[in-house]
Amino acid sequence: MSLSTRIVADSDADTDAWNRAVMLGFQHPFALTDDELKLRREKQEYRRARGVFDGDQCVATFKSFDQELTVPGGALLGVNAVSAVTVNPAYRRRGLLSELMGTDLAEAKERGDAAATLIAAEYRIYGRFGYGPAASLAGFTVKGLRSGVPSRWTAPEEGATVAFVDGAEVRKIGPELHERFRRGQPGAVNRPALWWERFTGEVRFGHETWEDPFYVVYRDGAGVPQGLLKYTTDKKWDVDLPDNTATVHELIATTPAAQRGLWHFLLSVDWVTTLRTENRGPDDLLPLLLPDPRSARLTEQSDFFWLRPLDVPALLASRSYATAGELVLEVRDAMGLAGGRFALTASAEGAECAPTTRSADLTLDVGTLGTLFLGDISAVRLAGAGRLTEETPGAVARANTLLNTGARPWCPDSF
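None of the values given here were measured: they were computed from a predicted structure. (Residues numbered from 1 in each chain as written. Predicted model: local features only at pLDDT ≥ 70, side-chain atom pairs only at ≥ 80, totals over all residues. Heavy atoms only, no water.)

Some details on helix 8 (residues 256-267)
Rules: Labels follow the DSSP assignment, with helices taken as runs of H or I lasting at least four residues and strands as runs of E lasting at least two, numbered in each case from the N terminus. Expected helix span is taken as 1.5 Å per residue step, with the number of steps being one fewer than the number of residues. The rule is simple: take the accessible area with a 1.4 Å probe, protein chains only, and divide by the maximum for that residue type; under 20% is buried, over 50% is exposed, in between is partly exposed.
Its 12 residues give helix 8 an end-to-end C-alpha distance of 17 Å, which sits within 8% of 16 Å, the value for a rise of 1.5 Å per residue. Within helix 8, nine of the 12 residues are buried, leaving the element largely enclosed by the surrounding structure. Of the residues making up helix 8, those classed as buried are Ala257, Ala258, Gln259, Gly261, Leu262, Trp263, Phe265, Leu266 and Leu267.

Thoughts on the environment of Arg297
The cut-off we apply is this: Note on contacts: a residue pair is in contact if any heavy atoms of the two residues lie within 4.5 Å.
On the secondary structure map, Arg297 appears in strand 14 (residues 296-309). On a C-alpha basis, the gap between Arg297 and Gly139 in space is 8.4 Å, while along the polypeptide they are 158 residues apart. Setting aside its immediate chain neighbours within four residues, Arg297 contacts Gly139, Phe140, Thr141 and Arg146.

A short note on empty space enclosed by the protein
Put simply, the rule is: Buriedness for pockets is judged along seven lines, at least five of which must meet protein on both sides within 12 Å for an open set on the 1 Å grid over protein atoms alone, while cavities are sets there where a 1.4 Å probe fits but cannot get out, and lining residues have an atom within 4 Å of a point. Grid points are joined across faces, edges and corners, and a volume is the space filled by probe spheres set on the points.
Summed over the entire model, instances satisfying the criterion amount to three cavities of 30 Å³ or more. In this structure, the largest cavity spans a volume of roughly 60 Å³. Together, Leu316, Leu327, Leu329, Leu344, Leu369, Leu372, Phe373, Leu402 and Leu403 line the largest cavity. For the lining of the largest cavity, the secondary structure elements donating two or more residues are strand 15 (325-332), helix 10 (366-373) and helix 12 (395-403). The leading source of residues in the lining of the largest cavity is helix 10, at three residues.

Section: the pattern of salt bridges
To be explicit about the condition: We count a salt bridge whenever a side-chain nitrogen from Lys or Arg sits within 4 Å of a carboxyl oxygen from Asp or Glu.
Throughout the structure, instances matching the rule amount to 30 salt bridges. As a salt-bridge pair, Glu202 and Arg171 come within 3.4 Å of each other at their nearest N and O atoms. One end of the pair, Glu202, is in the loop between helix 7 (193-199) and strand 8 (214-219); the other, Arg171, is in helix 6 (residues 167-182), with 31 residues separating them in the sequence. Looking at Glu202, the relative accessible area reads 47%, which means it is partly exposed. Between Arg204 and Asp212 there is a salt bridge; the shortest N-O distance is 4.0 Å. Asp212 sits in the exposed class, given a relative accessible area of 58%. Each of Glu45, Arg47, Arg48 and Asp66 takes part in one network of salt bridges that share partners.

With respect to the sheet that holds strand 18 (residues 362-365)
Definition in use: One bridge is not enough; two strands pair if DSSP finds at least two bridges between them. Fitted lines through C-alpha atoms serve as axes, helices being fitted only where they are in contact, and the angles separating the N-to-C directions of these axes extend from 0 to 180 degrees.
Overall, mixed pairing links the five strands, which are arranged 17-16-15-18-19 in an open sheet. With one partner strand each, in any of the chains shown, strand 17 (350-355) and strand 19 (388-390) form the two edges of the open sheet. Here the strands of the sheet are splayed against their neighbours by 25° on average, with no regard to which way each runs. Lying on the sheet, helix 10 is in contact with strand 15, strand 18 and strand 19; it crosses strand 18 at an angle near 100°. Most of the contacts of helix 12 go to strand 15, to which it runs at about 110°, and overall it touches strand 15, strand 16 (340-347), strand 18 and strand 19.

A short note on the nonpolar core
Keep this limit in mind: As used in this record, nonpolar core signifies buried Ala, Val, Leu, Ile, Met, Phe, Trp, Tyr and Cys residues forming a set joined through side-chain atoms within 4.5 Å.
Formed by 43 residues in total, the largest nonpolar core has its most connected members in Phe305, Leu307, Leu316, Tyr321, Leu329, Leu362 and Leu388. With five residues, the single largest contributor to this core is helix 12. When neighbours within four sequence positions are excluded, Leu362 is seen to be in contact with Leu327, Val328, Leu329, Glu330, Leu388, Thr389, Glu390, Glu391, Ala395, Val396 and Ala399. Ranked by size, the runner-up nonpolar core spans 27 residues in total, among them Phe140, Val142, Tyr231 and Leu289.

A word on helix 3 (residues 96-111)
Rules: For this quantity, the arc is that covered by the directions from the helix axis to the C-beta atoms.
In this model, helix 3 (16 residues) spans 23 Å end to end at C-alpha, consistent with the 22 Å of a helix rising 1.5 Å per residue. If you check which residues of helix 3 are buried, you get Leu96, Leu97, Leu100, Met101, Asp104, Leu105 and Ala108. Mapping the buried residues of helix 3 onto a view down its axis gives an arc of 140°, with all of them on the same face. One or two steps after helix 3, the chain reaches Gly112, where phi turns positive at roughly 100°.

Overview of the side chain of Glu197
To keep it simple, the criterion reads: Two N or O atoms form a polar contact when they lie within 3.5 Å of each other; inside protein one atom must be a possible hydrogen donor and the other a possible acceptor, and for residues adjacent in sequence the pair counts only when both atoms belong to side chains.
Considering the arrangement of structural elements, one finds Glu197 in helix 7. A polar contact is formed between the side chain of Glu197 and the side chain of Lys43, at a distance of 3.3 Å. Apart from the residues within four sequence positions on either side, Glu197 is in contact with Lys43, Arg171, Glu202 and Val203.

Digging into the layout of surface pockets
To keep things clear, this is the line we draw: Amino acids are sorted into nonpolar (Ala, Val, Leu, Ile, Met, Phe, Trp, Tyr, Cys and Pro), charged (Asp, Glu, Lys and Arg) and polar (every other residue, Gly among them).
The calculated volume of the second largest pocket comes to roughly 450 Å³. What lines the second largest pocket is a set of 23 residues, among which Phe181, Gly184, Gln185, Ala253 and Gln259 lie closest to the centre. Counting only elements with at least two residues in the lining of the second largest pocket, the list comes to helix 6, strand 12 (244-253) and helix 8. No other element matches strand 12, which puts three residues into the lining of the second largest pocket. For the lining of the second largest pocket, a count of residues per class yields 11 nonpolar, seven polar and five charged.

Below, the structure is given as structure tokens:
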């Protein structure tokens, strides 16, 4: 059997076959119509979309694109985002994913990307390619009557306002609001125009279920948008009593006041007795904003955003550090892309990192470095799990102090 791998952007037939393969790979039995395929060709980027073909049939898919990642300290780092990874079940165990991933990562390193990122649908796949879980998610369920939030809405503090808006208004104000939000949230990534079109239903891909949502904007006393909420309700009744569950699909805020105002507003909406959240940060303020924090039950906790270092000096020099210090890392990389020994020197003025011949303080694989980078898991915990080795006494504690971020990272977006 002869298989060929190629970029699909130059051929509508290849692009359509690639999209059908993505649907199959993610187990969507959705028949892509001509109109649907045309919409996908017009709206999505295929410049770095690869497919493995058996004749005219696409049997494996892979896509990468440019992304900006907010790192601790607020700098924006250019990375290589990976998405749409599938292999037809009839073609597994033939090295197709290894070929696609290896080619893409080598090209990303050649371009100068400091790291690659992805959202891991399955945990056991991506570690062998040097990725490590770098930011987690949490989900909460809140029983509104137990939360202690007054059911009668009172205006937010200091002249701020909360108002319902439509999708057109969200597309107008959302991108700028998100830009301000993401610069203060390590782990957040940029959102292209298509993200906002899909978020507001202006562009709808046929396999995706769409339910018209509510959008709410929080504006401060000067009228500047500082928070955005998107939610839906299930409109259920318990005999003759309303018993609605509100599901929060998005809540971003640039200030604690905006976050507090939006959560309290939603918990005061008539007929809403239960609130459920989707992807929230592991350090979300929600429980602490309630008079009864126990009413916010943690119902989901998982790894989510994964990171693969490609240029260790550039990666480690891009972020800020909690204190001044030095650390020598021996990084092992089975793929030969980012391994070596590197000296990190950090201070309040910034950080420098370069190859060195000095003795290592810590030895770790490249995926563990990806896990450490944003500060989601401490060096002490990783050492306890055997994920890194202390070569110099006290180096784990020193790394823990140096890499501490004070708050865990969060990526609100799947991609």
